[in-house]
Each structure stands twice: as structure tokens, then as C-alpha cells.
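Summary of the model geometry
Here is what each chain is made of, one letter per residue.
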Amino acid sequence: ALIQSMSTLPGLIGLRYTNSAGDEWSSGSYPQGEYTRGTTWLDEQLLMTYPVIREEQEIGQLSGAFALAAFRADLADFTEELQTKENESRRVSYLWIGGGTIAVLLLCGAVIWLLVFEQTKRIRQLKAQAERFRNADFGEALPVRRGDELGELAAVFNDMRDKLRTTTHSRDYVDSILSGMNEAIIVSDEEGKILRINTATTHLLGYEEGELEGTSIDFVIDTKKSPSLASDSPSGLPREAIFQSKYGESIPVSYTCSIIDSDGVGTSSRIYAAQNITERRRAEKRIRYLARIDALTKIPNRMQFQHLLQRGIARARRASQPLCLFYIDIDHFKEINDTFGHLAGDTTLETVADRLSTALPDHSVIGRLAGDEFAVIIHGLGPDKDGLQQTSLLAQKLLNRLADPFFVQGHEVFMTASMGVAYYPKDAPNVIDLIRNADAALYSAKKSGGNVFAFYTPAMNEASVERLMTKSRLKRAFERDELLVHYQPKYNLETGEVFGAEALVRWELPDRGLILPSDFIPLAEETSLIIEIGEWVLDKVCEDFRVWQRSVGSPGRVSVNLSLKQLRQLNFISRISSILRSHEISPTSLELEITETTLMENPERTIKLLDQLYGLGLHLAIDDFGTGYSSLSALQQFPISTLKIDKSFVRHVVTSPDDATIVDTIVQMGRNLNMDVVAEGVEDEGQLNFLQKLGCTYVQGLLFGDPMSADNYLELLLAQAEGTDTHRALFA
Ligand code: C2E
Ligand code: MG
Ligand code: MG
């Protein structure tokens, strides 16, 4: 069995069986010696000894020897094979690892790229948005999808966009308002550095829009004629200045300066709003000229002459020099007028003015005081022996020159004049008395037959006696109730409706009929009688007003003329308000008319007074506008609501382009200043239509009849309420 086993197992080189008795059987070559049970490794052989068991009894042991060479060769083969296999599997793993890593890396890269792409896209959007903001394009709001930092940034951007859009919209709005304005607007910082200007400023001054930025506001001022604007205290009240254009031209402007807090942190800007008043200045100049110069003879009128005499006397007083006044009146001028017509009368007056100017020494002043009355001032001529002789020579020379016949429309006209002479300071210390005394001398010359001159003597004061008589008569008249008030309706030029009336006082003398105020108001003004008359008129107006109110509800606004003396009264306001109160008349129903000259007499006090009157609710009007000496900017400080254009400008408004310009200018000025404008003295339809075209607001005048009694005014109001009034057609 051992031998058989030997042949079946390759590599088995020897077998040995030993029984429990120690008998041995062997086959092949099993090495000699005793070997422990189990496996024993020799150099060339592997020995294996195991027990042989039968019926649970060890019966011996079997040992086998295996040749290791083949086994080792096999093992080597196997190891080699294993190695190859291992290498192969490692390469595959490496391949896998490399590929996997690359794949993972690629995947990560892609994810990162995607993330980065998304972020840059959002950043680019933000950048583009910022870029658009710069060009004031606000497009759509950015989408805010996530709450990350970019999301927050986008939200901030959107917020900014909304704010910017509103500011830019309001800025654009302000810009379009600014460039649409006719007023030149200049904005400067606190130091007076120009920040911006509007289109009207570029038109006014000739600079381009950016050209003035950064320069001082005083750069646009004609510094020789105008005070600094930078140091101007901003009051919001209109003031005047002279601007200088880029081309050196002086431009008078009316401007207001106000301050604004520009950024909410206390930095303020100044806003200058200026209007070119060249036209207004020109018109004002023309108004003043016409107000002072007699239109027919082109020499000073009464007002201007008195003004010049006032100045002459002041100068003479300072130099301790005399002054001589001639009062000249044409003899029988009425006859010339009646015989040859008004045109001849006008020519006569022009001739007188001409002749006086050529015959008088240089620097003499000539004026036309009234109809055919002229006066002359000669400086330095006094009542000393020489002076008296010179005066006589000059007076005679004038009379001779005036007596030269002249031709009017082919008719030879003979004219003479009379003359009264008075000296300052010998005959009178002031304008009023000097004129009055020269007039008294003239009166005496007239009485001696005319074509002569007379020096004033105190005995000539009979004329003043006569005046005194009139004064006391006037006082009596007042006490006897001979005064009455008439009303001249004022009409709305657009609708033809009666808008109110002006109260005009009259004196009804039993033997002389109605005397007009121009004949007795100046008398009354010489005494305190004017105050009593004024208060009486106001009282009467209130009384009439109550009567009208009972029938028509709202009788319109009634205006009452005020005299300077009344305004000067210390308790003026309380007297006025007590009269209104006693009749329970609302002050808003009344308007007080004050002349320009009265206003300017003591402007500071008058402003305060008028503010108080205005506070009571009374309306205030400037009467006879254009005949005073003030400038409109001076008048702006008074709380005036109505401007009454003097009738001297209305008279020739249709025929004289100059007067038309003046009236037009006053109407425009009134509108700019938010005032009602009333044209006085409208006598014909031509004037009415013309004033309508100019956009004047109200008219009054003889076109609608004479000033009327209170009863007739009420009838007019009732007729209007019933629609049976007749004057409306005039306004159509
Ligand atoms: P005024 O206030 O300018 O009054 C307007 C004058 O123009 C009034 O003269 C009026 O009758 C007159 N008038 C009105 N329409 C025309 C017209 O179409 N053509 C012409 N040529 N004249 C017209 P009146 O009534 O002679 O008054 C003269 C001035 O006397 C008034 O001028 C006013 O200054 C003053 N006056 C009148 N009543 C009073 C008064 O109660 N108190 C005071 N202080 N002054 C008064
Ligand atoms: Mg008046
Ligand atoms: Mg008037």
C-alpha cells in the first residue's frame, strides 16, 4: 500500500509506517532518524508525521517525505504568478485611482467654475447697474435671490437706486423748472461762490452754463455801480442791483436773495432770483420825465418847479445869497383861446416858453405853473440897489420880448403879459410864501392894467386876505354842512361790472354851485381843517355804505382819499378804526388812497402805519401813480394792493406811443407785484378799449358820467343787480 501510494503522489519520495510496537515499514527514501509529529521542514524535504487511528485506537504513525525542489519550483512559479497578478491589480488600482481623482477633480472644477461664473455674473450686474446710475439710467431693480453678501449688496444697490431715482427725478424736475423760468437764478455757496445758474441767467449775462461756476457772485456785478452781493444779507425782499454781462454791458435788475439749507447738515446756499428791469427803468424814467415836464412846452411843470425852487432856496441859504422869483401870467389868454381856438392857445404857450428861455440869463429856471402861468427863478439876484435895477431891466426885457406879435395859422397875434417879483429871503423864507407873494405882486400888476411888472410889498397881501376869507368860509361851510361826497364808480375792465367807487368831496356854495376839491383841498391842507374834512368824509362814506348794504348786500369796495396831514396825526389809526367801528363797517370794504408823495414823506413811519392799517384789513392804494418821485422798488416796501395810474398818462394813451408804453409798463409792474391796477380819467371808448388790450384791471372816469350822489350810486348797483345797467355795452 505504501508503494502504491508512492506512485500516485508526485513529489512523495518516501513513506514510513511505524506501528505501536515499533515495527517499521518503509518505501522510497525516507530519511533516517526520529522526527517529531507534525510538519518538519528540512533543507530538501518536507516531513509530515501523523498518527494512524483505528477504532479510536492509535495503531501507529505514518510519515511522508516530500521533495521540496519541485514544490519550491511550483511555489516560485506560483509566487511569480501571484506577483504578476498583484502588479497587474495594482496597476488597475492606480488607473482607477488616477481616473477617479481626475474625474472628481474635473467635477469639483466644474462646480467651482459654475459657482464662480454665477458670482461674477452678479458682480457684473452690480457693476453695470452702477455704470447706469452714473448716466442717470435707473433701469429695473436688481433681482435679490439670496441672502448672501452679494444679495445684500444688490439689496443695498436697489435701495440706492430708489433713492437716487427719486432725487434724480426731483432734481430733473427742479432743473426743468429752473430752465423754464424767466427769472435769472444764481445759486451760490455761503462764501458767494457760484454753484450753478439757469438758462435765463445765460441769456441775461451772455455766459455759457458752466462758465460761471466757481467764480464769485460779485463777478456778475457792476462793482462800480452796485454793492457786493456776496455780503448781502438775505432777506427775501426785492432789491436792485446792476449786473454786468460778459460783454461789459450794465443791466439793472431787481433781485431777491434767500438762503436754503442745501444738504440738511447745516451747509447753506444762497439763491439769487433776478429780473431784468431795463425796460421798467426806462419806463420809470419816462414816467418821471412826463411827471415833471410839461408835455406842451417841455419845461418843468408846477410840481417840478416847486421842487427846483425848494432846492434853489436851500442852496441860496447855504451860500447866504438872494434869489429872485418872477411870476408871469399872459394877459387875456382866454381871449386868444376863444378867438383863435385851442391850437392857437397851445402855440401861444409854446411861444412864451421859447421866448422866456432865450431872453433869460443862463442857469435861470423856468416853469409852467398852471394854464397860462409861468414862473422863473434867477439865482443870486437880490433887492439891493444894483439888483433892483438889474431886475427891472430884465423884467422889462422879458415883457418886451413877449409883446412881440407872432403868427398862428396866418393870424397875427398880439399878446402881453404881467409879472410879479419877489425875493428870497427878503419877501418870504420858503417856497409856498415866496410863490404866494410873487403871485400877490402879479395880481397887483394885473390890476394896474397888465403888460407891467410889480415888486412885492407886504401891502399886496390883500390877495391873502381874500384867501383867508375863503379859508374861514370853508370852515364855516364845513360847520354848516355845505360839503358833500360824490362817488365815482370803478369798473372791472373784463366784465364791465361795478367793482366799487371812489369817494370825492365837493363843496356846494349856495351862490357858486359845486366847487371841486382842487380848489379848496389845498386851502384846507394849510390848516388842520383837512383832518376834520377827511374824517367827515370817512364818516359819511361809512354811513352811505350801511344804507347801500341794506339794499344790495355788497356795494363793492369804496376808496377814500387820505391827506398827508391825516397820516401825520399821532392817533390816526385809532381814529380811523373808531369811525369804522361806530358804523359797524368791515375794514375790508374800504380802501385808502394815498399819493406817492405822501408815502415817501417819511417812509419809515409810513411803513409802520400802513402795516397797521393793512393789519386791520383795510386795502391800500397808491393814488396818482407816476407823478411822484419815488421808484417802484421803493414802493414795494409798502403793503399796497392797488396802483392807480394818474389820469395824465391815460389822457393820451391812444395817441402817444410814449404814454402807451408807460401805461403798459405800469400795468405789467402791477401784475408782477400782484397789485390791482386802476386807470383813472378814462374819458372815451378808445381809451377804454386800449386799456382792455393792455390787460389793465379796473377803470374809472367821466366816460361813465360825472361822479354821482350816494343815491345814484345805489341806483347803479341795483340796476346792475337787475341787469338793466346801460354801461356794460361799452366793455363788450
Ligand atoms: P384823485 O384822488 O386823483 O381823484 C380823481 C380826480 O379825477 C377827481 O377829481 C375826479 O373827479 C377826476 N376825474 C375822474 N375821472 C375823470 C376824467 O375822466 N377826466 C378828468 N379830467 N378828471 C377825472 P376831483 O373830484 O376834482 O378831485 C381832485 C382831487 O382832490 C382828488 O384827486 C383827490 O386827490 C382830492 N380829493 C378829493 N376828495 C378828497 C377827500 O375827501 N380828501 C382828500 N384828502 N382829498 C380829496
Ligand atoms: Mg383818489
Ligand atoms: Mg388820482
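What comes next concerns the included structure.

Conventions adopted
- Residues numbered from 1 in each chain as written.
- Chains lettered and ligands numbered in written order.
- Predicted model: local features only at pLDDT ≥ 70, side-chain atom pairs only at ≥ 80, totals over all residues.
- Heavy atoms only, no water.
- Donors = N, O, S within 2.8 Å, 3.2 Å for Na, K, Ca; no water.
- Helix = DSSP H or I, 4+ residues; strand = E, 2+ residues; numbered from the N terminus.
- Buried < 20%, exposed > 50% of the residue type's maximum accessible area, 1.4 Å probe, protein only.
- Pairing = 2+ DSSP bridges.
- Axes fitted to C-alpha atoms, helices over the stretch in contact; angles between N-to-C directions.
- Phe/Tyr/Trp six-rings, centres within 6.5 Å; stacked < 30°, edge-to-face > 60°.

1. Here's the deal with the coordination of the magnesium ion (ligand 2)
Six octahedral donors around a metal ideally make angles of 90 or 180 degrees; four tetrahedral donors ideally make 109.5 degrees. Donor atoms from the polypeptide that coordinate the magnesium ion (ligand 2) comprise E502 (OE), N561 (OD1), E593 (OE) and D623 (OD), at 2.0 to 2.2 Å from the metal. In this model, the magnesium ion (ligand 2) sits 3.9 Å from the magnesium ion (ligand 3), the two metals being bridged by D623. You can see E502 sitting in strand β19 (residues 498-509) and its partner E593 sitting in strand β22 (residues 590-595), a full 91 residues away along the chain. For the pair E502 and E593, one class covers both residues: buried.

2. Some points on the sheet that holds strand β5 (residues 57-67)
Across the sheet, five strands lie side by side as β2-β1-β5-β4-β3; this open sheet has antiparallel pairing. In the strand order of this sheet, the two ends are held by β2 (24-28) and β3 (38-41), each with one partner. Strand after strand, the sheet turns through a mean of 15° between neighbouring axes, direction not considered. Summarising the sheet, strand β4 (residues 45-54) and β5 pair through ten bridges and their orientation is antiparallel.

3. Details of the sheet that holds strand β8 (residues 239-244)
Taken in spatial order, the five strands line up as β7-β6-β10-β9-β8 in an open sheet, and their pairing is antiparallel. Pairing within the sheet leaves two strands with one partner each, and these edge strands are β7 (194-197) and β8. Here the average twist between neighbouring strands, direction ignored, is 35°. Pairing of strand β9 (residues 250-261) with strand β10 (residues 268-276), which is carried by nine bridges, proceeds in the antiparallel orientation. From the neighbouring strand, C257 faces β10, where its bridge partner is Y272.

4. As for the packing of aromatic side chains
Note on aromatic pairs: each is described by the distance of the centres and the angle between the planes. On inspection of all chains with the given rule, the structure shows 15 aromatic pairs. Seen in terms of ring centroids, F453 and F455 are 5.8 Å apart; in terms of plane orientation they differ by 85°. Their pairing is edge-to-face. Overall, the relative accessible area of 21% leaves F453 in the partly exposed class. Take F455: its relative accessible area is 26%, and that puts it in the partly exposed class.

5. Considering the coordination of the magnesium ion (ligand 3)
Surrounding the magnesium ion (ligand 3) are the protein donor atoms D623 (OD), D624 (OD), E680 (OE) and E680 (OE), which sit 2.0 to 2.4 Å from the metal. When the donors of the magnesium ion (ligand 3) are listed by position in the chain, the intervening gaps give D-D-x55-E. Under the relative-accessibility criterion, D623 is labelled buried at 6%.

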